[in-house]
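Residue-level listing of the chains:
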Amino acid sequence: MPHLTSRQVLALVTNYGVEQDELLVPMRHLRDRGAVVTLAAVSRDDVRTLVGDEKPGEAVAPDTTIDEVDPAGFDLLLVPGGTINADSLRLHARAVEVVEAFTSSGRPVAAICHGPWALVEAGQVAGATLTSYPSLATDIRNAGGTWVDEPVVRDSGAGFPLITSRNPKDLGNFLPELDAVLEAR
């Protein structure tokens, strides 16, 4: 089954509040297919995930910190949601810089649920068509993007490949798009 061998994926999160399945399901899926997934968090403390934005989920040790990671060597940026995670992440200046490093170099970004808030904060949704958790629709439109209510959207209207989904229920649509964009690299 591995066919993403040598592909490098960077997952960007805070240490609390990331939606468990939006982080762990894509990480495990990509690793099962041979990709190297690096988890970068704000600190080296465990990443404490949540289920449904409220119930404690699994804790995961990050591989590095957002401040220490060099985004240059990665093929894809994964930005999972979780309301608390996404809201805090967009306020972390270095996280916004990492998003900008991917988008300005034309490398793909995959964001799910509230994850697109980081792209809005970085000013990188203008011209893009994307989806997200519905509460982000106005933010996306105000930032120049087109919001649609679809399980997954793959678009390059902002000048880089962007894959977005609405919530954990859409992971079955989201994961094949991650594979496809990485296979094309």
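Residues numbered from 1 in each chain as written. Predicted model: local features only at pLDDT ≥ 70, side-chain atom pairs only at ≥ 80, totals over all residues. Heavy atoms only, no water.

Asks: Any chance you could break down the pattern of salt bridges for me, citing the residues and the numbers?
Replies: Following the criterion strictly, the structure yields 10 salt bridges and no others. In this structure, a network of salt bridges that share partners links the residues Asp-149, Arg-166 and Asp-170. (Salt bridge = Lys/Arg side-chain N within 4 Å of Asp/Glu carboxyl O.)

Asks: Please provide a residue-by-residue account of the sheet that holds strand E2 (residues 16-19), values included.
Replies: Pairing in this open sheet of three strands is mixed, and the strands run E2-E4-E5 from one edge to the other. Of all strands in the sheet, those bounded by a partner on one side alone are E2 and strand E5 (55-60). Looking at each pair of strands side by side, their axes are set apart by 45° on average, direction ignored. Across four bridges, strand E4 (residues 47-51) lies against E5 in antiparallel orientation. Paired with Val-51 across the two strands is Lys-55, which belongs to E5. Of the strands in this sheet, E2, E4 and E5 touch helix H1 (residues 20-32), which is tilted by about 60° from E2. (Pairing = 2+ DSSP bridges. Helix = DSSP H or I, 4+ residues; strand = E, 2+ residues; numbered from the N terminus. Axes fitted to C-alpha atoms, helices over the stretch in contact; angles between N-to-C directions. Contact = heavy atoms within 4.5 Å.)

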